[in-house]
Amino acid sequence: MTMKIALYGTGYVGLVTGACLAEVGNEVTCIDVDVDRIAGLKLGRMPFHEPGLAELVVRNQAAGKLDFTTHAASALAPATVIFIAVGTPPAADGSADLSQVLAVARSIGKYLTHRAVVVIKSTVPVGTADRVQVEIARAITARGAMVLFDVVANPEFLKEGEAVEDCLRPERILLGSQSRRAISVLRALYTPFNRNHERVLEMDTRSAELTKYAGNAMLATKISLMNEMANIAERVGADIEQVRRGIGADPRIGHHFIYAGAGYGGSCFPKDVQALARAALAQGYEPRILAAVEAVNSAQKNKLFELVARHFHGRLAGRTVALWGLSFKPDTDDMREAPSLALMQSLWDEGACVRAYDPQAGSQARECCGERADLVICESPYQALDGADVLVVVTEWKLFRSPDFARIRLALKEPAIFDGRNLYEPAEVEAAGLAYYGIGRGRSL
Ligand code: NAD
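Throughout, a residue's number is its position along its own chain's written sequence, starting from 1. Per-residue local features are limited, in this predicted model, to residues with pLDDT of at least 70; the limit for side-chain atom pairs, both in listing and counting, is 80 or more; totals at the level of whole chains, interfaces and linings are taken over all residues.

Bringing helix 11 (residues 269–282) into the picture now. Think of it this way: any DSSP run of H or I at least four residues long counts as a helix, any run of E at least two long counts as a strand, and we number them from the N terminus. Every helix has an expected span of 1.5 Å times one less than the residues it contains. A rise of 1.5 Å per residue sets the reference length of helix 11, with its 14 residues, at 20 Å; its end C-alpha atoms lie 20 Å apart and thus fit the reference within 8%. All of the buried residues along helix 11 are F269, P270, K271, D272, V273, A275, L276, A277 and A279. Residues are defined as contacting one another if the C-beta atoms placed from their backbone atoms lie within 7 Å. Taken together, the buried residues of helix 11 touch helix 9 (205–236) and helix 12 (288–300). Each residue is classified by how many other C-beta atoms fall within 10 Å of its C-beta atom, where C-beta atoms are placed from the backbone; a count of 20 or more means buried, 12 or fewer means exposed, and values in between mean partly exposed.

Right under this line is the structure:
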């Protein structure tokens, strides 16, 4: 059954969700407060890089199934399902800042004229669905109206870089609500995504809200644990890459998400681990594992800088460091909490210059860092090496997997590679005449 949908927020989650819901036949109007973003989308201009998204947006826009507006009232008028997919960034104390979500709740309460299901896709602390319910009801009452509505917690699990695929073929669809009616409306909406086996998990609202945080906390824990193992490995003369393959072969552990590296970044793990920890503390529970996961990660984000600084015996002033990769992970231009930002800042603080190349995140990085003489954004990986002393690989874009080591050695003044993602075989790099530094490879200390 096709439905009329209004969706607040055209970020990574909102825009991808809106486009995928339109793709299966629904009529979707996306609302955003960012006037430039909406104007650009109307012209088919994507606000960020996400593989496959532009084609999906343009095709559904042309078919009249996907529209963009800054006017909530007109978008809500025909809608029977309303999605909230706005940001929940960290507040100063690390808790989730719910101001965007609550502003949307007030907007819904102001303009809703008929019964609808309100779906929270944003990652929100336990209890937020109840707050949204109260906020909408209050705004409806304030204008002397009577409108029925239900609220469903439907957290999103898509991964940037694979968001379209994840959205069209989700592993699970969580529906948290006490309302049978709302659940059956959403089951109908999600039918095209739930065809060959059951992906819908119904649960109570609070459990759905916590599931999202528990999932991200588990993934962040795997990363920090592997980074801790890497730090032990390099002290005891073991190679974390061999250890990774060894433990990954255990089906209880598996091969996913056990890579040591430069620390996790992005818009989700750092803020969600922190927000969950804050929520636990607020309930009088001290989250010891979450605190350790965060502490290991913030130390790990300094790891590449420490290796480079040690290589130069702490004398970095006047050095030029080439960076391959700026985004927090491959296939996205998202720079939020990217390990490259911490590395660049430390290098600049010591008087070094950076020449960086990223297949997509160059302009985002420029926006984050501003125009500065000690940052040159380059057009190709090898251009970044011109005049550089050493190379640091920060993000594991496929493009960086099989480089020409001989060419790198010739281009660098002090031929050394700092492999922040353990992409290369140390022996192969060294055979090409370069010094090799990896993460936890038994030889960095
Ligand atoms: P984002 O920052 O990319 O986009 C948020 C959008 O909401 C922006 O375009 C902003 O202008 C808009 N917005 C803010 N206030 C608004 C309002 N009052 N009305 C309409 N639009 C408004 O965010 P995102 O990365 O898409 O994340 C959205 C939510 O989904 C967050 O809670 C996040 O934790 C969660 N999430 C993100 C991912 C991810 O990979 N990015 C994955 C799963 C869940």
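For the rest of this paragraph, the subject is helix 5 (residues 99–111). Along its 13 residues, helix 5 runs 18 Å from first to last C-alpha, staying within 8% of the 18 Å computed at 1.5 Å per residue. Taken together, the buried residues of helix 5 touch strand 1 (4–8), helix 4 (72–76), strand 4 (81–84), strand 5 (116–120) and helix 6 (128–142).

Packed helices, taken two at a time, are described by the angle between their axes plus the distance between the axes. The angle between two axes is taken between their N-to-C directions and runs from 0 to 180 degrees, where each axis is a line fitted to C-alpha atoms and a helix contributes only its stretch in contact. Following both chains from N to C, one finds helix 9 and helix 11 inclined at 115°, their axes separated by 9 Å at the closest point. Classified by the angle between their axes, helix 9 and helix 11 sit roughly perpendicular to one another. The handedness of the crossing between helix 9 and helix 11 comes out as left-handed. In this structure, helix 9 contributes Y213, N216, A217, L219 and A220 to the contact, and helix 11 contributes F269, D272, V273 and L276. The labels follow the angle: roughly parallel below 35 degrees, roughly antiparallel above 145, roughly perpendicular from 65 to 115, and oblique for the rest. By definition, turning the near helix anticlockwise from the far helix through less than a right angle yields a left-handed crossing, and turning it clockwise yields a right-handed one.

The pairing criterion is simple: DSSP has to find at least two bridges between the two strands. The sheet built from six strands is open, its strands ordered 11-10-9-12-13-14 with parallel pairing. Both edges of this open sheet fall to strand 11 (375–377) and strand 14 (435–437), since each of them pairs with a single strand only. Shown here is a sheet whose adjacent strand axes are inclined to one another by a mean of 20°, direction ignored. Relative to strand 11, strand 10 (residues 353–357) runs parallel, the two being bridged by three bridges. When the bridges of strand 11 are listed, V354 appears paired with L375.

Residue proximity rests on one test: whether the C-beta atom, placed from the backbone, lies within 6 Å of the molecule or strand. Close contacts around the ligand come from 26 residues, with G9, G11, V13, S122 and T123 the closest. Mapped onto the shell around the ligand, the elements with two or more residues apiece are helix 1 (12–23) and helix 5.

What follows is about unusual backbone geometry. Although it is not a glycine, F257 sits at a positive phi angle of roughly 60°. Positionally, F257 belongs in the loop between helix 10 (240–248) and helix 11. Although it is not a glycine, N422 sits at a positive phi angle of roughly 50°. Among the secondary structure elements, N422 is positioned in the loop between strand 13 (416–419) and helix 17 (426–431). When the 21 C-beta atoms within 10 Å are taken as the criterion, N422 is described as buried.

Bringing the domain arrangement of the chain into the picture now. Each domain of the chain was delimited in the assignment, giving domain 1 (4–203) and domain 2 (204–445). These domain limits were set by an automatic method or by a database of domain assignments. Just the C-alpha atoms count here: the centres of domain 1 and domain 2 sit 32 Å apart. The interface of domain 1 with domain 2 comprises 27 residues on the first partner and 25 residues on the second. In terms of residue class, the side of domain 1 that touches domain 2 is built from 14 nonpolar, ten polar and three charged. Residue polarity follows a fixed list, in which Ala, Val, Leu, Ile, Met, Phe, Trp, Tyr, Cys and Pro are nonpolar, Asp, Glu, Lys and Arg are charged, and the others, Gly among them, are polar.

The nonpolar core is taken to be a set of buried Ala, Val, Leu, Ile, Met, Phe, Trp, Tyr and Cys residues joined by way of C-beta atoms within 7 Å. Formed by 86 residues in total, the largest nonpolar core has its most connected members in V16, V81, I82, I84, V118 and V119. Each of domain 1 (4–203) and domain 2 (204–445) gives at least three residues to this core. Discounting residues that sit within four places of it in the chain, V119 has contacts with V81, I82, F83, I84, V152, N154 and L186. Formed by 46 residues, the second largest nonpolar core is a distinct cluster that contains F305, A338, L385 and L412.

With that out of the way, let us pick up the UniProt feature "binding site: substrate" (unreviewed entry) in the chain. UniProt positions are given in the numbering used here, feature names are shortened, and annotations may be inferred rather than shown by experiment. UniProt's entry tags F157, L158, K159, E160, K212, F257, I258, Y259, A260, G261, G265 and K329 with the feature "binding site: substrate" (unreviewed entry), counted in the numbering of this structure. With the annotated positions falling across 173 residues, the maximum pairwise C-alpha distance of 23.8 Å shows that they are not confined to a single cluster. Residue K159 is classed as partly exposed on the basis of its 14 C-beta neighbours within 10 Å. With 28 C-beta atoms counted inside 10 Å, the residue A260 sits in the buried group. Those residues in contact with A260 that sit more than four places away from it in its chain are M226, N227, M229, A230, I240, N422, I439 and G440.

A word on the pairing of strand 8 (residues 200–203). It is a general feature of regular strands that their side chains alternate between the two faces of the sheet. Of the strand pairs in this sheet, strand 7 (residues 173–176) and strand 8 are connected by four bridges, and their pairing is parallel. Note on strand 8: the bridge partner recorded for I173 is V200. The β-α-β motif built from strand 7, the intervening helix 8 (residues 180–190) and the parallel element strand 8 has right-handed crossover chirality. Think of it like this: strands point away, you trace from the first strand over the helix to the second, and a clockwise trace means the crossover is right-handed.

By secondary structure assignment, the location of G387 is in the loop between strand 11 and strand 12 (390–393). G387 gets classed as partly exposed once you count the C-beta atoms within 10 Å, which come to 13. C-alpha of G387 to C-alpha of G18: the two residues are 369 residues apart in sequence and 45 Å apart in space.

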